[in-house]
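Listed below are the residues making up each chain.
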Amino acid sequence: MYSIKMYGIKAEDKPYAIKWAKEHDVQISMTAKVIDENTIDDAKGFDGVNTLQVTKIPTDAYARFKAMGINQIAQRSAGFDMYDLAEATRQGIIISNVPSYSPASIAEYALTSALNLVRQIPTIQNRVQAHNFTWEKPIRGQVVGEMTVAVLGTGHIGAHVARLFHGLGCKVLAYDRHPRTDLAFLTYTDSIEAAVKDADIVTLHIPLREENIHLFDAKMFNQFKKGAYLVNTARGGLVDTKALLAALDSGQLAGAALDVYENEGPYVQKNMPDQAISDELFQKILNHDRIIYSPHVAFYTDEAVANLIYGGLNATLDVITKGDTPNRVNAL
Ligand SMILES: NC(=O)c1ccc[n+]([C@@H]2O[C@H](COP(=O)([O-])OP(=O)(O)OC[C@H]3O[C@@H](n4cnc5c(N)ncnc54)[C@H](O)[C@@H]3O)[C@@H](O)[C@H]2O)c1
């Protein structure tokens, strides 16, 4: 029977891992610890390893795993920037990720965010909590299905978002460097500017790269249709937060739903009720009555948690039994 060491396991992961292990007749050992200098040797005697971690894999981990007869590390997330891929290749270690674990989770969250913005749900909730049941402005909404939506990036997530808005009846504009041909209802524009100028809702689904940091800056927000809504479930760094706040305050934008923030690192997944927020920009986001903020949870569903576990385990077993995995991210 093959055996797999699973690092970075939370309590919520365990039932899925146990189910997979039974179905595949594989022995698993789970630990909350991630791969570091002190835990590498815990994998001795196992046939493969996987982990979910944001901390760097120690440089000597590749050689040390290889010496134990382990020739892969499967990362149970899409991002794999914590690996030294060149060193892994040199040592003959296959690194894999789980590239698309639940596009529907993020897509449905983006749609939910847009509906919440347009129908003023946070304001309505706040009033109801204060026993204010009036209908005064600004709680009158608009019909989203009659709006034009710009979907920027039509990969796994963006394509699903486009289908959802199309289902509501929206006109869907799109921009992508590599337009797809399977969604006939999409109207591709030649530039991001051309898409945002006619859109009531702009939703971001492109990855963050060096060249598009702060792509959405003051100049870009001025190209938006006046009174548009922005939904960002992609990466915080795509948006110049200062410029966004200014665009909201001037009325150029009507509202924004942000699941990601450019300096979210110190806050996401932390419970800090008694601590002041030292980041002034972040405090402004939290205080703003036309921003809905959430701490990078768009992906976070039962299905995504399960698929990350299954994806990591499948990749590990593929390398053990077949010598490679379709999710390999480094050269052999
Ligand atoms: N909030 C969350 O919980 C969460 C979870 C997963 C992913 N994400 C984000 O969603 C993004 C999209 O994920 P995906 O799985 O759809 O990725 P994907 O690779 O399937 O799609 C990305 C698309 O963007 C296009 N693209 C890349 N750069 C572009 C540019 N500068 N201009 C125009 N188009 C460009 C690509 O051609 C591709 O079609 C990820 O990069 C990640 O940042 C967020």
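Only a predicted model underlies this, so the values are computations on that prediction, with no experimental measurement involved.

A. Broad picture of empty space enclosed by the protein. Taken as a whole, this structure holds one cavity of 30 Å³ or more when the rule is applied. In this structure, the largest cavity spans a volume of roughly 40 Å³. Around the largest cavity sit N232, G236, V239, T241, L244, L258, V260, Y261, E262 and I285, which together line it. Looking at side-chain class alone, the lining of the largest cavity contains six nonpolar, three polar and one charged residues.

B. Examining the layout of surface pockets more closely. Roughly 240 Å³ of internal volume is contained in the second largest pocket. Q120, Q142, G227, Y229 and A254 are the residues nearest the centre of the second largest pocket, which is lined by 13 residues in total. Tallied by class, residues from the lining of the second largest pocket come to five nonpolar, three polar and five charged.

C. Examining the sheet that holds strand β10 (residues 228-232) more closely. In spatial order, the strands read β8-β7-β6-β9-β10-β11-β12; together these seven strands make up an open sheet with parallel pairing. Strand pairing shows two members of the sheet lacking a second neighbour, β8 (187-188) and β12 (291-293), which therefore form its edges. Examined bridge by bridge, β10 and strand β11 (residues 253-258) share five bridges and lie parallel to one another. The residue of β11 that forms the bridge with L230 is A256.

Rules of the game
Residues numbered from 1 in each chain as written. Predicted model: local features only at pLDDT ≥ 70, side-chain atom pairs only at ≥ 80, totals over all residues. Heavy atoms only, no water. 1 Å grid on protein atoms, 1.4 Å probe; cavity = no way out; pocket = protein on both sides within 12 Å on 5 of 7 lines; lining within 4 Å. Points joined across faces, edges and corners; volume = space filled by probe spheres on them. Nonpolar A, V, L, I, M, F, W, Y, C, P; charged D, E, K, R; others polar. Pairing = 2+ DSSP bridges. Helix = DSSP H or I, 4+ residues; strand = E, 2+ residues; numbered from the N terminus.

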